[in-house]
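Letter by letter, the chains look like this.
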Amino acid sequence: MDPEEKETCCCYGSTEEFNFNPDFSKADRVSENYGRSANFITYLKDITSIKQEKKIITDEPEDVDGVGNESGELESVWQYLISKLEKGESTTLPKPIKKLVEQYLDNFYEFSVEDGLIERGRNPLRIEMDKTKLEAINTTELPKLDSLNGNIVLVEFFTHCCINCIHSIEDVREVYEDVTKSDSRNGLGLKIVSIHSPKFTREKELESIKSFTEQFKMDYSDVVNDPGCELWNELGISCWPTLLILGPNPDGDGMNLLFTMMGEGHKHILKLILSSALAYFRHKLRVTGNDMVDGGQISSQRKVPQEETVEKPFDHILRYPGKVASKNGILAIADTGNHRIIVSDLNGSIKHIIGSSQRGYANGTFSQAKFYFPQGVVFKDENVLIIADTGNHAIRQVDLMLGKVCTLVPPGWNYSHDEEIVHLRSPWDVTFFSKEILLVAAAGNHRIFAYFFESSKLFSELEPFDKDTFTVIAGTGKEENRNNAYILKASFAQPSGICVLNRPDNAKVIFIADSESSSIRSITTEGKGKVQAVVGGARDPTDLFSYGDIDGKGVSVKLQHPMGVCSHKTLSQVYFVDTYNNRVKVVDVDSQSCFTLCGNGAPGNVVGDLSDVKFNEPGGICISDNGEILYVADTNNHAIKSINLQSKSVTNIPFKHVEYDDVFSLQRSVNNIISFKICITNIPENFEGGQFRVAELPSNPKSANVTSGEIIKDQSIGIALVEFPANLTQEYSITLDIFLCGPSSCYKKTLKFLLNFNSNHEDSITCFTYKPKENFFNI
């Protein structure tokens, strides 16, 4: 089945889908004796009675909670083990379960009468890597599974647009690292091959998948791009993601298919199976020559260095930026690939780097904090940022005044919703509906959440939500493009962008970039709320394959995986990034019409006039306070582009680290005037005199009384007095030009200071001491 057909869909991580076994009967490379189901759950259910199942797994009394009841209806061994793993109650493979895995694997092999070792596999599967259109992504040549025979090979089928695949890729990486690190012997013979079977047209392009594998660091695997989905069709795969676990087959007739898994969420089970299977083959397999190769080698072909696989960024500061936010002349950027947040002015001068650049989860100071692929970012006010910490499945809060990061919604958060336990999964974007209500587009849940900082109403005819409530406000969790007058019966498909439009009649409408349905959708908050189509998508709510690049009205519009959206401050217009079409587009809300603002559709990195601009899979967009400038996170160009709607021109913001001579904490005055002194010490004896002037002020103050003055030798100080409104609430820089004179010459030096504005105080004068470097007064 071709994955571009409507019948094919992404899958979910329920344990029931572990049963999935692809229809290999259509594959001409599969041996005739393929008939054994690679289905471990069925095996476990069939091998023993209910009481035996309970005794094997628990060794506890028959009335163990969650295992059985008086009527004798018990969970299967496997289901019980899964439930313990999900609760964190079991992290190792119990000996009885390990024995069951061994017995299961015995059914897939024929053994020598003489020594009891494996002679041949009973379930051979040959995956040919000689297709004409297959492309090696991070190796010098395509992997050859025949050369890996004698190892365990995990083959994962994925498409990089799919959030389920992203989750599965993270799981496979973690399992691979855990298995290879936990025991040096366990790492022997475990190989990963990832086959990219694209859904969207853009995903078929080599450059796109290369960027994805570099961003998600898939160096643990041999990655193969299959743009024509030849292997997908040949093997009868029908779901993203699908995992095949192949075991060694000594007779060389392909490898031996042992397990199949469909969907995400198999991390714990996968680790148990692989660990047990590696131990099994270590004792059962007759090793000769190079049958088993070093576990540190993914294949016989070495990995291509990262700098050869991905075009080098033009800007070395940002790496795959996901989203961007703007407020009061300040930008906040989710520097996703670097696992950090960047705060800068509009000219690119960096004020804060928040996060250690090492993926992880930690609160604390800006240098202590850790994020994991952060995406959404929004200003709560001038001093506070809210972050969608996507990889940690959390919502974080940043206090720019205190220089601290804390957690608003922690990883592992869950609650009961209509008898379903909901875990927050991959929040992708955040925005404020009002100062009391934060909205979260959770791509991994296919739902919209809200956090209530105060008790507030979101929908006019529904009761207010309590303070500090975090809850689902829209979506069933099923991946569909289903609109509904009852918002909890509507369904989304990987919502990746969210914004709020204030209508002229004061009504507020929520807009969503629903990426997998390739549509822009809305939620009205009047009455009990309603989810409606705006542009793009298909009329059939289950059709997630209606995409393209066509402007127009309503459902006639065709988009390709839009991921970011923002609204104009005064006009009834919504701007969004049509990510896989490499364009920025506009929706006129009143007419529900859509047109392209800029981007010619081809990937590239070109600025200038709107007609010339090129993007490379832009993922985020925001608008300035005055509604004149759009800021676009041009993700695969590692850039933030500025679109001036007045001059119709586009530029790249040149981000730069600013080196400050010193940093001072400046308190705000209660009388709305700030003044301060900077005292320059260590003036040498041969100093003849000098002057100073303020060369550069913070951009925010509209008026300032700036004085210049003399540097006086006998007082050994220089005084710079600056007065400006005290409503400055972030960091600002100030530059002083210092004119120094010696016995024979005069010259100019420049000092640049960073000012931190803190709480109010009574004294309006603050004095700072600056000790210049030794060569400052070389005159």
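Residues numbered from 1 in each chain as written. Predicted model: local features only at pLDDT ≥ 70, side-chain atom pairs only at ≥ 80, totals over all residues. Heavy atoms only, no water.

## A closer look at the overall build of the protein
- Summing up its helical and strand segments, the protein has 10 helices and 50 strands in all.
- Buried positions account for 58% of the 779 residues belonging to the protein.
- Within the protein, contacts between residues at least 6 apart in sequence are counted, and of these 61% link residues at least 24 apart.
- Entry remark: accessible area of the protein is about 31,500 Å², with carbon and sulfur atoms responsible for 46%. (Helix = DSSP H or I, 4+ residues; strand = E, 2+ residues; numbered from the N terminus. Buried < 20%, exposed > 50% of the residue type's maximum accessible area, 1.4 Å probe, protein only. Contact = heavy atoms within 4.5 Å. Areas by Shrake-Rupley, 256 points an atom, 1.4 Å probe, with all protein chains shown as cover.)

## Thoughts on the environment of Gly-604
- Here Gly-604 lies in the loop between strand 35 (593-598) and strand 36 (608-609).
- Sequence-wise, Gly-604 and Lys-614 are 10 residues apart; in three dimensions their C-alpha atoms are separated by 4.9 Å.
- With sequence-adjacent residues up to four places away left out, Gly-604 is seen in contact with Lys-614, Phe-615, Asn-616 and Asn-637.

## Observations regarding the sheet that holds strand 13 (residues 330-335)
- Read from one edge to the other, the open sheet built from four strands follows the order 12-13-14-15, with strand pairing classed as antiparallel. Every other strand in the sheet has two partners, leaving strand 12 (324-327) and strand 15 (350-354) as the edge strands with one partner each. The sheet shows a mean angle of 15° between the axes of neighbouring strands, direction not considered.
- Pairing analysis gives four bridges linking strand 12 to strand 13, with the strands arranged antiparallel. Bridge assignment links Ala-325 to a residue of strand 13, and that residue is Ala-332. (Pairing = 2+ DSSP bridges. Axes fitted to C-alpha atoms, helices over the stretch in contact; angles between N-to-C directions.)

## Structural notes on the pattern of salt bridges
- According to the stated counting rule, one finds 23 salt bridges in the structure shown.
- Two residues, Arg-173 and Glu-170, come together in a salt bridge whose shortest N-O distance is 2.7 Å. Of this pair, Arg-173 and Glu-170 both sit in helix 6 (residues 163-182), three residues apart, which is roughly one turn of the helix. No difference in accessibility class separates Arg-173 from Glu-170, as the two residues are buried.
- Between Asp-549 and Arg-583 there is a salt bridge, with the nearest N and O atoms lying 2.8 Å from each other. With Asp-549 in the loop between strand 30 (530-536) and strand 31 (552-553) and Arg-583 in strand 34 (residues 583-588), the pair connects residues that are 34 residues apart, well separated along the chain.
- For Asp-549, a relative accessible area of 32% translates into the label partly exposed.
- Look at Arg-583 and you get buried, because its relative accessible area is 17%. (Salt bridge = Lys/Arg side-chain N within 4 Å of Asp/Glu carboxyl O.)

## Here's the deal with helix 7 (residues 206-215)
- Among the 10 residues of helix 7, seven are classified as buried, and the element is accordingly described as predominantly covered.
- All of the buried residues in helix 7 are Ser-208, Ile-209, Ser-211, Phe-212, Thr-213, Glu-214 and Gln-215.
- With its phi angle positive at about 50°, Lys-217 sits one or two positions after the end of helix 7.

## Quick notes on the packing of aromatic side chains
- For the coordinates displayed, the defined rule picks out 20 aromatic pairs.
- Their ring planes at 80° and their centres at 5.9 Å tell us that Trp-413 and Phe-449 sit as a pair that is edge-to-face. Of this pair, Trp-413 sits in the loop between strand 20 (404-409) and strand 21 (414-417) while Phe-449 sits in strand 25 (residues 447-452), placing them 36 residues apart in sequence.
- A residue is classified by how much of its surface remains accessible, and Phe-449, at 0% relative accessible area, is buried.
- Ring pairs connect the aromatic residues Trp-413, Phe-432, Phe-449, Tyr-451, Phe-453 and Phe-470, which therefore count as one cluster.
- Note that Lys-508 overlies the ring of Phe-433, its terminal NZ or CZ placed 5.0 Å from the centroid. (Phe/Tyr/Trp six-rings, centres within 6.5 Å; stacked < 30°, edge-to-face > 60°. Lys NZ or Arg CZ within 6 Å of the ring centre and 35° of its normal.)

## Observations regarding helix 9 (residues 267-284)
- In this model, helix 9 (18 residues) spans 25 Å end to end at C-alpha, consistent with the 26 Å of a helix rising 1.5 Å per residue.
- Residues of helix 9 that are buried include every one of Ile-269, Leu-270, Leu-272, Ile-273, Leu-274, Ser-276, Ala-277, Leu-278, Ala-279, Tyr-280 and Phe-281, and no others. (Expected span 1.5 Å × (residues − 1).)

## Structural notes on the sheet that holds strand 30
- Within the open sheet, the four strands sit side by side as 27-28-29-30. Their pairing is antiparallel. Only two strands of the sheet have a single neighbouring strand rather than two, namely strand 27 (495-502) and strand 30. Adjacent strand axes in the sheet meet at a mean angle of 25° when their direction is disregarded.
- Examined bridge by bridge, strand 29 (residues 519-524) and strand 30 share six bridges and lie antiparallel to one another.

## A few points about the side chain of Glu-214
- Here Glu-214 shows up in helix 7.
- Judged by its relative accessible area of 12%, Glu-214 is buried.

## Looking at the environment of Pro-241
- Relative to the helices and strands, Pro-241 resides in the loop between strand 9 (239-240) and strand 10 (242-247).
- On the basis of relative accessible area, Pro-241 is assigned to the buried category, the value being 1%.
- C-alpha of Pro-241 to C-alpha of His-167: the two residues are 74 residues apart in sequence and 9.4 Å apart in space.
- In this view, Pro-241 contacts Phe-157, Asn-164, Cys-165, Ser-168, Met-261, Met-262, Gly-263 and Glu-264; residues no more than four positions away in its chain are not counted.

## Details of the layout of surface pockets
- Reported here for the second largest pocket is a volume of approximately 740 Å³.
- Lining the second largest pocket are 31 residues, and of these Val-378, Phe-379, Thr-431, Phe-432 and Lys-569 lie nearest its centre.
- Only strand 12, strand 17 (377-379), strand 23 (427-434), strand 27, strand 32 (564-567) and strand 37 (620-623) provide two or more residues apiece to the lining of the second largest pocket.
- For the lining of the second largest pocket, the leading source of residues is strand 23, giving six residues.
- A breakdown of the residues in the lining of the second largest pocket according to their chemical character gives 17 nonpolar, six polar and eight charged. (1 Å grid on protein atoms, 1.4 Å probe; cavity = no way out; pocket = protein on both sides within 12 Å on 5 of 7 lines; lining within 4 Å. Points joined across faces, edges and corners; volume = space filled by probe spheres on them. Nonpolar A, V, L, I, M, F, W, Y, C, P; charged D, E, K, R; others polar.)

## Concerning the side chain of His-196
- Relative to the helices and strands, His-196 resides in strand 7 (residues 190-196).
- Judged by its relative accessible area of 0%, His-196 is buried.
- A polar contact of 2.9 Å, which involves the side chain of His-196, links it to the side chain of Asn-225.
- Not counting residues within four places of it along the chain, the set of residues in contact with His-196 comprises Phe-158, Thr-159, His-160, Glu-203, Ile-209, Val-224, Asn-225 and Asp-226. (Polar contact = N/O pair within 3.5 Å; in protein donor to acceptor, adjacent residues only side chain to side chain.)

## Describing empty space enclosed by the protein
- Enumeration over the complete set of coordinates arrives at six cavities of 30 Å³ or more.
- Lining the largest cavity we find 21 residues, and of these Gln-215, Trp-428, Met-563, Glu-617 and Thr-635 sit closest to its centre.
- If one sorts the elements of the lining of the largest cavity by residue count, helix 7 sits on top with four residues.
- Residues that form the lining of the largest cavity fall into these classes: eight nonpolar, 12 polar and one charged.

## Focus: the pairing of strand 25
- With six of six residues buried, strand 25 lies mostly within the body of the structure.
- Of the two faces of strand 25, the one holding Arg-447, Phe-449 and Tyr-451 and the one holding Ile-448, Ala-450 and Phe-452 are both buried throughout.
- Where strand 24 (residues 437-442) meets strand 25, six bridges bridge the pair, whose relative direction is antiparallel. When the bridges of strand 25 are listed, Leu-438 appears paired with Tyr-451.
- The hairpin turn running from strand 24 into strand 25, its antiparallel successor, is four residues long, and His-446 in that turn takes a positive phi close to 55°.
- As paired strands, strand 25 and strand 26 (residues 469-474) are joined by five bridges and run antiparallel to one another. What sits directly across from Phe-449, in strand 26, is Val-472.

## Some thoughts on the confidence of the model for the protein
- The predicted model of the protein has a mean per-residue pLDDT of 79, with 71% of residues at 70 or higher.
- The low-confidence segment residues 700-704 (pLDDT under 50) makes 12 contacts with residues lying over four places distant or belonging to another chain. (pLDDT = per-residue confidence, 0-100.)

## Notes on the nonpolar core
- Counting 76 residues, the largest nonpolar core has Ile-127, Phe-157, Ile-245, Leu-246, Leu-270 and Phe-281 as the members making the most contacts within it.
- In this structure, Leu-246 is in contact with Leu-125, Ile-127, Leu-145, Asn-151, Ile-152, Val-153, Val-155, Met-255, Asn-256, Leu-257 and Leu-258, ignoring residues within four places of it in sequence.
- Of all hydrophobic cores here, the second largest spans 21 residues; its members include Val-422, Phe-432, Leu-438 and Val-440. (Core = buried A, V, L, I, M, F, W, Y, C linked by side-chain atoms within 4.5 Å.)

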